[in-house]
Each structure stands twice: as structure tokens, then as C-alpha cells.
Amino acid sequence: MAHLKAVIFDIGGVLMRSPFIVIAAYERKLGLPENYLNCSIVARGPNGAWQRFERGELSLFPFYEQFSRDLSDTGNGNVWYAAYCKRRGIAPPRQFSSGPQLFGSMMRESGVYDGHMLRAIRRIRAAGKHRIIALTNNFARTSTENPIPPSELAFLGWDLGATPSTLRGLFDDFCDSSELGARKPEPRFYTIALERNGLEPQQTIFLDDIGINLRAAKELGMETIHVPIGGTLAAVKKLEAKLGIDLTSNPIEGESTMAKL
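- Under an unreviewed UniProt entry, the chain has the name HAD-like domain-containing protein and belongs to Mycena pura.

What follows is the structure, given as C-alpha cells:
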């Protein structure tokens, strides 16, 4: 579509492996019911440890401490989760207190690129018709402004930083929540990205895996594509139709597989 001037990509769950896969595995490992940890993280609202970390308001080790406290707060956690437990007949979950272990697992496992999305970005760039922008709730500021011991960087899989140059280099602009002090789904984060790239909302299409993030973009006037877990190829095909660029045919070896860069 001729009116589209930019494609905006989420990172985790779109270009990179979804952290929700790791959270689900961690819940199974600890005997927690499905989605308990997601409820605990999201229901905290803007002052939760996860949210503050993504806005760059906490450095790594204070984040670990608060994140563990948040996840161990079964008093509030069980209230937020009560309706789900009642529907499923699940007993209240036991205390959870291992924020660093969960976060480390999420970071190590999410550092893998989706081949379909990676190919799409490279082909969009080769066509030279659209600006390519990342809009991500991320932690780059933490890994640069607050020195982290090498052992902890290795634990997180951040040997090259939270956002290595190979990742940033895929985009014309990389909008990181921790650097800009706002995060999805806050409207301000989207408008910052638009303004610094000279774009109107209707000139963009945004890909994300989380419904509330997509709704916020749509309310601003952006076109959106949902990317469910396991649905990256279908999402790229939708993007292909919107842009009128071949993003999927005749992939070369390795283009459609998950891989480290």
C-alpha cells in the first residue's frame, strides 16, 4: 500500500523467540498454574519491577530484588489470579521467590531470531521503500549505564549487551523503552517513535505479539498485525500483502529457521 512508509517491529515474540515460552516452562518446572507469573507481572501496573526496569528506572540488581518480591507476593498474586483458579479448580499457588532465575532463563532463551521475520526485514531493506523501526520494551540502558559483572552478563546471555549491534543494525531506528523512559502500551512511547522518524500513525504498520500493545497502536491510527506464538510465517504473509513485496518465497538455506546471529 502506497501510504505505508514504515514497518515497526516488536522484538521479543516477533523478531526474537517469545519470552512467554520460557515463562510457561518455568511455571511447569515450579508446579505453578498456567499464566500465574504473567498475571503477577502485568497486574502490578506501571510501578511493578518489570515495568520500571523496561523504562530504565531500575538497574539490574535492584530489579532482581524487587522482581523477586513482586513474584513472591502471593497475597496480591492470588487475588489477581483468583478468577482463573476458580474456573480451573486450581489450588492457590505456592510462594515463588526466584526472580533472577526466571529473568535469566527468559533472556538466555529469547536471544534467538525467527527466520521468517529476519528474512522479511532483510527483504524490506533490499526493496528500499520503507523505513524499518524497532519498538521494544527492553533493557539496553541497564547494560550500558550500570556496569554488570561479566559473570552476570554470561548468566543473562548478554555477552554482547542486551541489544547487540547485530540486532540494532537491522533497523533504521531502534526505540528502546529503557532509553526513552516509556514502554508499550503507553501512547507516549509510540508517539516518540513516530515523531523522531517524521511519521504520521497512518503511514505505519506495527507487528506485535501482545494484544494490548496492538490496541494502543490501533487507537493512535497505526495499522497492526498480530504475531501469535508459532504464527510468524502467517504474520509475514499478511505483511507481504500490505507492502506488495515478496517476503516469503524461495528462502535460501537457513532463512526460515530460528538462529543466533
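Now, onward.
1. Overview of helix α7 (residues 115–127)
So, point 1. Its 13 residues place the ends of α7 18 Å apart at the C-alpha level, agreeing with the 18 Å of an ideal helix rising 1.5 Å per residue.
So, point 2. Those residues of α7 lying buried are G115, H116, M117, L118, R119, A120, I121, R123 and I124.
So, point 3. For α7, the elements touching its buried residues are β1 (6–9), β2 (131–136), β4 (204–208) and α14 (232–243).
So, point 4. Among the residues of α7, the N-terminal cap falls to D114, whose side-chain oxygen and the backbone nitrogen of H116 are separated by 3.0 Å.
So, point 5. Once α7 ends, the next one or two residues include G128, with phi positive near 70°.

2. A few points about the side chain of H130
So, point 1. Tracing the backbone shows H130 in the loop between α7 and β2.
So, point 2. Owing to a relative accessible area of 11%, H130 belongs among the buried residues under this scheme.
So, point 3. Within the local environment of H130, its side chain forms a polar contact with the backbone oxygen of L4, the two atoms lying 3.3 Å apart.
So, point 4. Leaving out residues up to four positions away in the same chain, H130 has contacts with L4, K5, A6, V7, I124, D172, L243 and I245.

3. Comments concerning the pairing of β1
So, point 1. Neither face of β1 is left uncovered, since the one carrying A6 and I8 and the one carrying V7 and F9 both have all their residues buried.
So, point 2. The pairing of β1 with β4 spans four bridges and is classified as parallel. The residue bridging F9 from the neighbouring strand is L207, located in β4.

4. With respect to the pattern of salt bridges
So, point 1. Summed over the entire model, instances satisfying the criterion amount to 14 salt bridges.
So, point 2. One salt bridge in this structure joins R44 and D70, with 3.9 Å as the shortest N-O distance. Of the two residues, R44 sits in the loop between α2 (36–43) and α3 (49–54) while D70 sits in helix α4 (residues 60–72), which places them 26 residues apart along the sequence.
So, point 3. Here D208 and K184 are joined by a salt bridge, their closest N and O atoms 2.9 Å apart. Note that D208 is positioned in strand β4 and K184 in the loop between α11 (177–180) and α12 (187–196), a separation of 24 residues in sequence.
So, point 4. A single network of salt bridges, built from pairs that share partners, joins R52, R55, E57 and E186.

5. Considerations on the packing of aromatic side chains
So, point 1. Enumeration over the complete set of coordinates arrives at 18 aromatic pairs.
So, point 2. Both rings, one in W50 and one in F139, keep their centres 5.8 Å apart while their planes meet at 85°; by these two values the pair is edge-to-face. Here the residue W50 occupies a position in helix α3, and F139 occupies one in the loop between β2 and α8 (140–145), the gap between them amounting to 89 residues.
So, point 3. In this structure an aromatic cluster arises from ring pairing among W50, F53, F61, F63, Y64, F67, F103, F139 and W158.
So, point 4. The residue whose ring lies beneath R108 is F155, and the NZ or CZ to ring-centre distance is 4.9 Å.

6. Topic: unusual backbone geometry
So, point 1. Here the amide bond leading from K184 into P185 is cis, since omega sits at 10°, within 30 degrees of zero.
So, point 2. Of note, P185 is situated in the loop between α11 and α12.
So, point 3. Look at N35: it is not a glycine, yet its phi comes out positive at around 75°.
So, point 4. With respect to the helices and strands, N35 occurs in the loop between α1 (19–30) and α2.
So, point 5. For N35, a relative accessible area of 31% gives the class partly exposed.

Parameters at a glance
- Residues numbered from 1 in each chain as written.
- Predicted model: local features only at pLDDT ≥ 70, side-chain atom pairs only at ≥ 80, totals over all residues.
- Heavy atoms only, no water.
- Helix = DSSP H or I, 4+ residues; strand = E, 2+ residues; numbered from the N terminus.
- Expected span 1.5 Å × (residues − 1).
- Buried < 20%, exposed > 50% of the residue type's maximum accessible area, 1.4 Å probe, protein only.
- Contact = heavy atoms within 4.5 Å.
- Polar contact = N/O pair within 3.5 Å; in protein donor to acceptor, adjacent residues only side chain to side chain.
- Pairing = 2+ DSSP bridges.
- Salt bridge = Lys/Arg side-chain N within 4 Å of Asp/Glu carboxyl O.
- Phe/Tyr/Trp six-rings, centres within 6.5 Å; stacked < 30°, edge-to-face > 60°.
- Lys NZ or Arg CZ within 6 Å of the ring centre and 35° of its normal.

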